[in-house]
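The residues making up each chain are set out below.
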Amino acid sequence: MRKSRAFLTEILMSVTVFFVAANTQTDANSITATAIQESINHTSTTTATPVSEQEKAIQSIFSQINMLRAEKKAPMLIFDKNLSMAAQNFAAYLLKIGKLTEEGPKRETVQTRAIDVGYGGGAPFSVSQNVAMIWVDTTPEYLIHSIWKSDPKSIQKLLDMKGQHIGIGVADERNRRFVVVMVGYLLDGSIQYTPLPTYDFRTPKPIVSTTPSPIPLMTATRQPDGSVVHEITSGQTLSEIAYAYKVDWNTIAVLNHLDLENPVIYEGKELIIEPTYTITPTPTITDTPRPPTRTPRPTYTINFNPSPSLEQPTPEETKIGFSTVLNQMESYRQTIGLTLILLSVLGLVFTFIRK
C-alpha cells in the first residue's frame, strides 16, 4: 500500500511539473529542484539535516497538497520561488525561537513577508499561511490529513479556490521540523508577474515600517457555569496564555488533550483554562414552627397526717381556754349581773300576767 502511494505521488509530481510548465512561460514560478534549493539556501540559518532531505520533504508536501486539492475539485497550485523564500525564512525563524507563531520578529504579518521577497510584482495580492511543528519522521500525509485537515481554518487556506501560487519552507533541527506553507493569488487573476527586487535581510530597512505595538493578552471572563475559555489569537503561545492566567501550561495541555511533549495550538481555537465546576446544592433553611411548651401544672401532694387545727383539744387545753374567757369577761361582770336580774324580773312579771 505504501509503495503504491509513493508511486502515485511520483506520477502526480510529474503531472504537476508538466501542468506548470504548460501553463507558465517562466521558470521562476515552476517547481524544479533548483528552485527548491535556492529557496532553502536563501536563509542564513544552518540546518542540521542535509539539503536533500528538505528538498524531499518540500516536494512531498507540495504533491500531497495538490492531490488533496484535486480531490476537492480545486485548481492545482503553482510552486512559487518567491513565496517559498518567504516561507523558508519564516521556518528558519520558528526554528530559532523554538515555538509556533504567526508573526515575525518585528510582528510583521504574512502579507509583509510576501512583499519583502517581491511576491506579486507590486500588484495587489492575497496570501495565507499554515505553520506546524512536527517530528522529522512525520509523513506529509499525516501533517496534511491529520493536523491541518482537522482544523477548519487551516484546511480552508489550503483549499482556497482562488489560490494560484504556493511556497513551502522546511527547517529541521535534530528530530524537530518546522513547516511553513504560504498560498497566494493576485487579485486581478493573473498567474505570471515580474518579481520586485527582494529585500536583503542582512541590512536594516531604510524606512522603518509602522508596525502595531505589542497588544497585551486579554484574559477571558469566567462564564456562568464557572469555566474559563480562552480564544487563541494571532501570535499567542501556550506559555504566554498560561502566564496571563497564572496557571501552569501543563494543566492547560491536559485539559485540552494536547501533546505534553509537543503541544500545538492554532489561531481561532478555544482553550479550556478552567473546567466547569460541579454545583453543590446549598441546603434550604425552612422556618419550622416549634411545638408549644406545656405549662407545668402544680403537683398536689396528699398529706395523710391530719392537720393540727383539726385535732380535738385536750381537756387541759379546754380548761385553759375557758379560764381565759372568764378572765376576759371579768370586766363585764357587773353589767352581766344586772342583765340577769332584769331578765329574772321580766320572767316573774310574765308569769303573774299569764295567771
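As the structure is a computational prediction, the values presented were derived from the model and not from experiment.

Engineer: So, the overall build of the protein chain: which residues are in play, and what are the values?
Structural biologist: Within the protein chain, the regular secondary structure consists of 11 helices and six strands. Split into buried and exposed, the 355 residues of the protein chain put 34% on the buried side. Within the protein chain, residue pairs in contact and separated by at least 24 positions form 71% of the contacts whose partners lie at least 6 positions apart. When the accessible surface of the protein chain is totalled, it reaches about 23600 Å², and 59% of it is carbon and sulfur.

Engineer: Which residues make up the environment of glycine 121, and what are the values?
Structural biologist: Note that glycine 121 resides in the loop between helix H5 (110-116) and strand S2 (125-135). Glycine 121 sits in the partly exposed class, given a relative accessible area of 28%. Between the C-alpha atom of glycine 121 and that of glutamine 192, which follows or precedes it by 71 residues, the distance is 9.3 Å. Setting aside chain neighbours within four positions, we find glycine 121 in contact with Tyr193, Thr194, Pro195 and Leu196.

Engineer: I'd like to hear about the pairing of strand S5 (residues 228-231), residue by residue, with values.
Structural biologist: Only one face of S5 is buried: it carries Val228 and His230, and the other face, with Val229 and Glu231, is open. Pairing of S5 with strand S6 (residues 270-274) involves four bridges; the strand directions are antiparallel. Bridge pairing links valine 229 to isoleucine 272 in S6.

Engineer: Please provide a residue-by-residue account of the UniProt feature "transmembrane region" (unreviewed entry) in the protein chain, values included.
Structural biologist: Per the UniProt entry, the sites bearing "transmembrane region" (unreviewed entry) are residues 335-353 in this numbering. Secondary structure across residues 335-353 divides into 100% helix and 0% strand, with the first and last C-alpha atoms of the span separated by 27 Å.

Engineer: How would you explain the pattern of salt bridges if you had to name every residue and give the values?
Structural biologist: A pair can form between side chains of opposite charge whenever their charged atoms are brought close. For the coordinates displayed, the defined rule picks out six salt bridges. Residues lysine 269 and aspartate 151 are paired through a salt bridge, measuring 3.7 Å at the closest nitrogen-oxygen approach. Remark: aspartate 151 occurs in the loop between helix H6 (140-148) and helix H7 (152-158) and lysine 269 occurs in the loop between helix H9 (249-255) and S6; sequence separation between them is 118 residues. Across the pair aspartate 172 and arginine 177 runs a salt bridge whose closest N-O atoms are separated by 2.8 Å. An identical accessibility class is assigned to aspartate 172 and arginine 177; each is buried.

Engineer: Tell me what's going on with the packing of aromatic side chains, and back it up with residues and numbers.
Structural biologist: Considering all chains together, one arrives at four aromatic pairs under this definition. Aromatic pair phenylalanine 62 and phenylalanine 79: ring centres 5.9 Å apart, planes at 90°, arrangement edge-to-face. In this pair, phenylalanine 62 sits in helix H3 (residues 51-71) while phenylalanine 79 sits in strand S1 (residues 78-79), placing the two residues 17 residues apart along the sequence. An aromatic cluster of three or more residues is present, and its members are Tyr119, Phe125 and Tyr193. The cationic tip of arginine 113 hangs over the ring face of phenylalanine 90; the distance from NZ or CZ to the ring centre is 3.8 Å.

Engineer: So what about a nonpolar patch on the surface? Which residues, and what values?
Structural biologist: On the surface, Tyr332, Ile336, Leu338, Leu340, Ile341, Leu342, Leu343, Val345, Leu346, Val349, Phe350 and Ile353 cluster together into a nonpolar patch covering about 1200 Å² of accessible area. Structurally, the position occupied by leucine 338 is in helix H11 (residues 333-354).

Engineer: Outline the environment of proline 124, supporting the account with residue identities and numerical values.
Structural biologist: Mapped onto the elements of the fold, proline 124 is located in the loop between H5 and S2. The exposed category is assigned to proline 124, whose relative accessible area is 54%. Contact partners of proline 124, with chain neighbours within four places excluded, come to Leu186 and Leu187.

Engineer: Please give an account of the nonpolar core that cites residues and values.
Structural biologist: The biggest cluster of nonpolar side chains holds 48 residues, and the ones touching the most others in it are Trp148, Val181 and Met182. Looking at this core, the elements with two or more residues in it are H3, helix H4 (81-97), H5, S2, H6, H7, strand S3 (165-173) and strand S4 (176-186). At eight residues, H4 tops the list of elements feeding residues into this core. Filtering out sequence-adjacent residues up to four positions away, valine 181 remains in contact with Ile61, Ile65, Ser128, Gln129, Asn130, Trp148, Leu158, Ile166, Gly167 and Ile168.

Rules behind the numbers
- Note on numbering: residues in each chain are counted from 1, in written sequence order.
- Note on the predicted model: pLDDT of at least 70 is required for a residue's local features to be given, and 80 or more for side-chain atom pairs to be given and counted; whole-chain, interface and lining totals, by contrast, use all residues.
- The side-chain numbers reported here are obtained from all heavy atoms of the structure, hydrogens and water having been left aside.
- Elements are defined by DSSP. Helices are runs of H or I of four residues or more, strands are runs of E of two residues or more, and each kind is numbered from the N terminus.
- Note on exposure labels: buried denotes an accessible area under 20% of the residue type's maximum, exposed denotes more than 50%, and partly exposed covers the range between, all computed with a 1.4 Å probe on protein chains only.
- Contacts between residues were defined by any pair of non-hydrogen atoms, one from each residue, lying within 4.5 Å.
- Residue burial considers only the protein chains on display, and all accessible areas are found by Shrake-Rupley using a 1.4 Å probe.
- Pairing between strands is defined by DSSP: at least two bridges between the two strands are required.
- UniProt positions are given in the numbering used here, feature names are shortened, and annotations may be inferred rather than shown by experiment.
- Salt bridge, as applied in this entry: a Lys or Arg side-chain nitrogen positioned within 4 Å of an Asp or Glu carboxyl oxygen.
- To pair, rings of Phe, Tyr and Trp, with the six-membered ring standing in for Trp, must have centres within 6.5 Å; the planes then decide the type, stacked if under 30 degrees apart, edge-to-face if over 60, and tilted in the middle.
- Each ring is checked for a lysine NZ or an arginine CZ that lies within 6 Å of its centre and within 35 degrees of its normal; such an atom marks a charge sitting over the ring.
- To count toward a patch, a residue needs a relative accessible area above 30% and no salt bridge. Like charges then connect within 9 Å, nonpolar side chains (Val, Leu, Ile, Met, Phe, Trp, Tyr) within 5 Å.
- Residues enter a nonpolar core if they are buried and are Ala, Val, Leu, Ile, Met, Phe, Trp, Tyr or Cys, with the set joined through side-chain atoms within 4.5 Å.

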